[in-house]
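Secondary and tertiary structure notes
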Amino acid sequence: MTTTTAVTAVKAAPVTKYGTIKGFIEERQQAIAQLIPKHLNPERLMKVLLNSIYKTPALQECTPSSLLQCALTSAELGLEPGGALGHAYLVPYKTTCTFIIGYRGLIELMRRSGQLASIRAVVVHERDRFSY
């Protein structure tokens, strides 16, 4: 007597680079949340970070560890990468993600220091005359 069993193949959902990166970063959310200053919401930071990665396909080619390092730097400084605030940017260089602070991020850090009386950012071109 011969019995046969039918094996049903379950097709797994395709794993995208974004999905892999998202999972890698979400697994380390606790470590990132421990570094975040009180003024910043950890859930918001994660959403902004993952949104930046999703919107920039070249970031999806970066190594997850370099993206995590940028997330940790962002959390330490309390600056949101990408987004409308322009505090900092995630810039892909081949397969490495680099965290670059924007001028608005520098202004924010100066304000938080408590040692700033006033600040004004203006554009100065090569042959412009200006005084400060």
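I will try to describe carefully the structure that is included in this document. (Residues numbered from 1 in each chain as written. Predicted model: local features only at pLDDT ≥ 70, side-chain atom pairs only at ≥ 80, totals over all residues. Heavy atoms only, no water.)

A closer look at the overall build of the protein
In terms of regular secondary structure, the protein is built from 5 helices and 2 strands. If you list the helices and strands of the protein from N to C, you get α-α-α-α-β-β-α. Buried positions account for 28% of the 132 residues belonging to the protein. (Helix = DSSP H or I, 4+ residues; strand = E, 2+ residues; numbered from the N terminus. Buried < 20%, exposed > 50% of the residue type's maximum accessible area, 1.4 Å probe, protein only.)

Side note on the pattern of salt bridges
Proximity of charged atoms lets side chains of opposite charge pair with each other. Under the counting rule described, the total for this entry stands at 3 salt bridges. Of the charged contacts in the structure, one is a salt bridge between Glu27 and Arg28, with a shortest N-O distance of 3.2 Å. (Salt bridge = Lys/Arg side-chain N within 4 Å of Asp/Glu carboxyl O.)

Description of the environment of Glu76
Mapped onto the elements, Glu76 comes out in helix α4 (residues 64-77). According to the relative accessible area criterion, Glu76 is exposed, its value standing at 54%. Spatially, the C-alpha atom of Glu76 lies 9.1 Å from that of Gln34, the residues being 42 residues apart in sequence.

Points about the pairing of strand β1 (residues 88-93)
Bridge count between β1 and strand β2 (residues 96-101): 6 bridges; the pairing is antiparallel. Along β2, the bridge assignment pairs Tyr93 with Thr96. Taking the residues that link successive antiparallel strands as the turn, the β1-β2 hairpin has 2 residues, and the phi of Lys94 there is positive, at about 55 degrees. (Pairing = 2+ DSSP bridges.)

Quick word on the side chain of Gln60
On the secondary structure map, Gln60 appears in the loop between α3 (42-55) and α4. One polar contact links the side chain of Gln60 to the main-chain carbonyl oxygen of Ile53, over a distance of 3.2 Å. Within the local environment of Gln60, its side chain forms a polar contact with the backbone oxygen of Tyr54, the two atoms lying 3.3 Å apart. Leaving out residues up to four positions away in the same chain, Gln60 has contacts with Lys17, Tyr18, Ile21, Ile53 and Tyr54. (Polar contact = N/O pair within 3.5 Å; in protein donor to acceptor, adjacent residues only side chain to side chain. Contact = heavy atoms within 4.5 Å.)

Examining the packing of helix α1 (residues 17-27) against α4
Packing of α1 against α4 leaves a shortest axis separation of 10 Å and a crossing angle of 45 degrees. Between α1 and α4, the angle is such that the two are oblique. As α1 runs across α4, the sense of the crossing is right-handed. Two secondary-structure elements touch here, α1 through Ile21, Phe24 and Ile25 and α4 through Pro64, Ser65, Leu67 and Leu68. Tallied by class, residues from the contact of α1 with α4 come to 6 nonpolar, 1 polar and no charged. (Axes fitted to C-alpha atoms, helices over the stretch in contact; angles between N-to-C directions. Parallel < 35°, antiparallel > 145°, perpendicular 65-115°, else oblique. Left-handed = near helix turned anticlockwise from the far one by under 90°. Nonpolar A, V, L, I, M, F, W, Y, C, P; charged D, E, K, R; others polar.)

As for α3
Given a rise of 1.5 Å per residue, 14 residues ought to cover 20 Å, and the 20 Å separating the end C-alpha atoms of α3 matches this to within 8%. Its buried side turned inward, α3 meets α1, α2 (29-35), α4 and β1. (Expected span 1.5 Å × (residues − 1).)

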